[in-house]
Amino acid sequence: MSFDLDTYLEEERLRVEEALERALFRLQELPSVDDPTAAALRHGVLSGGKRLRPVLCVTAWRACTERDEPPSEGGRSVAASQAIYDLAAALELIHAYSLVHDDLPCMDDAELRRGRPTTHRALGEDVAMRAGAVLIPGAALHARAAARTLGLGGEAVRQVVGILLEASGAGGMVGGQWLDLRGEGRALDAEELDGLHRRKTGALLTGSLLLGAAAAEAEEPVRDALRRYGRAVGLAFQVADDILDATQDAETLGKNPSDQELDKSTYVAVHGLGAARGRAAELVADAREALDGAGLGAPALRALADFVVERRN
Ligand code: GRG
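These notes cover the structure that comes with them. (Residues numbered from 1 in each chain as written. Predicted model: local features only at pLDDT ≥ 70, side-chain atom pairs only at ≥ 80, totals over all residues. Heavy atoms only, no water.)

Moving on: the site of the ligand. Neighbouring the ligand are 21 residues; Lys-50, Arg-53, His-95, Arg-114 and Phe-237 lie closest to it. Between the ligand and the protein, one listed contact pairs an oxygen atom with a side-chain N or O atom of Lys-50 at 2.6 Å. In this structure, Arg-114 approaches the ligand through a side-chain N or O atom, which is 2.7 Å from an oxygen atom. Protein coverage of the free-state accessible area of the ligand, which is 760 Å², stands at 88%. Taken atom by atom, the bulk of the ligand overlaps the largest pocket. (Near = heavy atom within 4 Å. Polar contact = N/O pair within 3.5 Å; in protein donor to acceptor, adjacent residues only side chain to side chain. Areas by Shrake-Rupley, 256 points an atom, 1.4 Å probe, with all protein chains shown as cover. 1 Å grid on protein atoms, 1.4 Å probe; cavity = no way out; pocket = protein on both sides within 12 Å on 5 of 7 lines; lining within 4 Å. Sits in = over half its atoms within 2 Å of the grid points.)

Written as structure tokens, this is what we have:
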């Protein structure tokens, strides 16, 4: 029987949205509710998006704990059944900050994100800067609290926070963004392009899988398989992003400017459209092999790997 990914994504997204509301409620203890920073937090975090990173996290957790259905609240406390979504939401807080800062005039100077004005265009540059900064420690603290509510011990809690921060730090997303900015206006070779995107996009996507595995206290071989799956899907995601950027308009994508306008090297520019499509397919096959090798049926993870390269935005 084929996996119904549309229904799965819709149900999971709803749970993630609820978790993000809970996360913002806590974060907004800092700026008073009538401060524009609170509005910027809501604008940056609750403005749509596929919620892929939290969905990957919860799906990996479920694959490791062999729960096929979304966790029901029967038999477990409400707090415990929500906690895996709270943990997963921390990834989206980091992702949201990265988009808010990426769009700033000192970076990509974007006007449109997820079909709406970017946070700084809507609420001001200083406010967007502040909201992004609040999200970074906020995400780490939120992850720690969720891991404790899940009942994880001290070592597992430390792992969870470490995974989140390593994925988003200089060896991961921030380092990748720096390489990206440094590469603007220069033709990168294939190796540089892979290195940049393994950090900029791949690290947080891989971290999403590892976070789910750490929350499930999975064995090392399973974590290795999910790491390989994450590395493959993370790169496939970026190849697909470049294909979409080259073939779709700003209205369909809900964002501008395009990579071409920013004079960025892309998989399409470096390899050509056909070879980029071939690379994406190879990476998805590698992701599936990783699951096979660890004996993980994980139909949702398999369907998500296909979704990453077949998506429309
Ligand atoms: C100080 C150098 C420095 C960096 C700060 C700004 C920043 C940190 C990092 C930017 C990282 C970045 C923008 C990565 C892009 C990742 C990406 C492909 C975003 C689009 O992700 P989707 O398609 O978006 O999942 P939705 O809208 O669905 O959430």
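Let us look at the pattern of salt bridges. By the definition in use, this model includes 24 salt bridges. With a shortest N-O distance of 3.2 Å, Glu-289 and Arg-228 are connected by a salt bridge. Residue Glu-289 is found in helix 13 (residues 273-293), and its partner Arg-228 is found in helix 10 (residues 220-247); the two are separated by 61 residues along the sequence. A residue is classified by how much of its surface remains accessible, and Glu-289, at 48% relative accessible area, is partly exposed. Across the pair Arg-302 and Asp-292 runs a salt bridge, and its minimum N-O distance is 2.8 Å. (Salt bridge = Lys/Arg side-chain N within 4 Å of Asp/Glu carboxyl O. Helix = DSSP H or I, 4+ residues; strand = E, 2+ residues; numbered from the N terminus. Buried < 20%, exposed > 50% of the residue type's maximum accessible area, 1.4 Å probe, protein only.)

Counting residues in each nonpolar core, the largest one holds 90 residues, and the members touching the most others are Leu-87, Leu-226, Tyr-229, Leu-301 and Leu-304. In contact with Tyr-229, other than residues within four places in its own chain, are Leu-56, Leu-209, Ala-287, Ala-290, Leu-291, Leu-301, Leu-304 and Ala-305. (Core = buried A, V, L, I, M, F, W, Y, C linked by side-chain atoms within 4.5 Å. Contact = heavy atoms within 4.5 Å.)

Before going further, it helps to examine the side chain of Thr-118. Here Thr-118 is to be found in the loop between strand 2 (116-117) and helix 5 (119-123). Accessibility expressed as a relative area gives 1% for Thr-118, which makes it buried. A polar contact is formed between the side chain of Thr-118 and the backbone oxygen of Ala-110, at a distance of 2.9 Å. Residues contacting Thr-118, with those up to four places away along its chain left out, are His-43, Asp-103, Ala-110, Glu-111, Leu-112 and Arg-113.

With that settled, the discussion passes to empty space enclosed by the protein. Summed over all chains, the structure comprises 1 cavity of 30 Å³ or more. Put simply, the largest cavity is a space of about 90 Å³. Among the elements of the structure, helix 2 (36-45), helix 4 (78-102) and strand 2 are those that each provide at least two residues to the lining of the largest cavity. Counting residues per element, the lining of the largest cavity draws most heavily on helix 4, at 3 residues. Partitioning the lining of the largest cavity into residue classes produces 4 nonpolar, 5 polar and 4 charged. (Points joined across faces, edges and corners; volume = space filled by probe spheres on them. Nonpolar A, V, L, I, M, F, W, Y, C, P; charged D, E, K, R; others polar.)

For the rest of this paragraph, the subject is the side chain of Asp-86. Here Asp-86 lies in helix 4. Look past the residues within four positions of Asp-86 in its chain and what remains in contact with it is Ala-19, Arg-22, His-142 and Ala-146.

Evaluated as defined, the whole model comprises 1 aromatic pair. Between Phe-3 and Tyr-8 the ring centres are 5.3 Å apart and the planes differ by 65°, which places this aromatic pair in the edge-to-face class. The exposure class assigned to Tyr-8 is buried, which follows from its relative accessible area of 8%. The ring of Phe-237 is capped by Arg-53, whose NZ or CZ atom sits 5.6 Å from the centre of that ring. (Phe/Tyr/Trp six-rings, centres within 6.5 Å; stacked < 30°, edge-to-face > 60°. Lys NZ or Arg CZ within 6 Å of the ring centre and 35° of its normal.)

What follows concerns unusual backbone geometry. Even without glycine at this site, Arg-114 takes up a positive phi of about 50°. Structurally, the position occupied by Arg-114 is in the loop between strand 1 (112-113) and strand 2. Overall, Arg-114 belongs to the partly exposed group, its relative accessible area being 21%. Phi at Glu-217 takes a positive value of approximately 50°, unusual for a residue other than glycine. As for its placement among the helices and strands, Glu-217 is situated in the loop between helix 9 (190-215) and helix 10.

Just geometry here; none of it tells us what the structure is for.
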